[in-house]
Amino acid sequence: MSKEIKNLVIESKLKFDLKESWGNSFIGLDSNNKKLIFSKVFDGVVALENIDLNEVSNVKIEKKTYELKSKNKRETVLEKLDLEISFLDHEKPAKILNFYDINSIYMEDYELVRAEKWNTAINGILKTNIKRAKVA
């Protein structure tokens, strides 16, 4: 996975000002070039997303949980956590970046905090895109 990311960074002349890897996932943001790179290994296959943030209209956290009752306690269990990226071109399907899935082999590792951080960072870039569009 890291080799494919390095090749993409070199080919696209990207410079990440924010990046993070955990479990079998990687995410990186180049705010100058307005690019978001997301990579995850599924069953030994590397999935790599190269998203142009100039084409993005919205990003939001999609969280799926369920209640677990044991004795006198109720516990909320995180089942799935994604960042959903919608595009300005409504014909283009939304991209789902999976941060956590209970069915994968990795334990939950602060993915909600991580997803919130990335949601904030991406929305910050989108807001500057909107301001520039209004000025122009």
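See the structure shown above.
Please read all numbers here as calculations on a predicted model, not as lab measurements.

Asker: Which residues make up the side chain of Asn98, and what are the values?
Answerer: Inspection of the secondary structure puts Asn98 in strand 7 (residues 95-101). Judged by relative accessible area, Asn98 falls into the buried class, the value being 11%. There is a polar contact of 3.0 Å between the side chain of Asn98 and the backbone oxygen of Tyr100. Contacts of Asn98, omitting those with residues within four sequence positions, involve Ser25, Phe38, Lys40, Lys80, Leu81 and Asp82.

Asker: Tell me about the pairing of strand 6 (residues 73-87), and name the residues and values.
Answerer: Put simply, side chains in a regular strand alternate between the two faces of the sheet. Bridging between strand 5 (residues 56-70) and strand 6 involves 14 bridges; their strand directions are antiparallel. Its bridge partner lying in strand 6, Thr65 is registered against Leu78. Linking two consecutive strands that pair antiparallel, namely strand 5 and strand 6, is a turn of 2 residues; a positive phi of about 55° is found at Lys71 within it.

Asker: Summarise unusual backbone geometry; cite the residues concerned and give the values.
Answerer: In this structure, Lys34 is a non-glycine residue whose phi angle is positive, near 55°. Tracing the backbone shows Lys34 in the loop between strand 2 (25-30) and strand 3 (35-42). Note on Lys34: relative accessible area 8%, which makes it buried. Phi angles above zero are rare outside glycine, and Lys71 is one such case at about 55°.

Basis of the calculations
- Residues numbered from 1 in each chain as written.
- Predicted model: local features only at pLDDT ≥ 70, side-chain atom pairs only at ≥ 80, totals over all residues.
- Heavy atoms only, no water.
- Helix = DSSP H or I, 4+ residues; strand = E, 2+ residues; numbered from the N terminus.
- Buried < 20%, exposed > 50% of the residue type's maximum accessible area, 1.4 Å probe, protein only.
- Polar contact = N/O pair within 3.5 Å; in protein donor to acceptor, adjacent residues only side chain to side chain.
- Contact = heavy atoms within 4.5 Å.
- Pairing = 2+ DSSP bridges.

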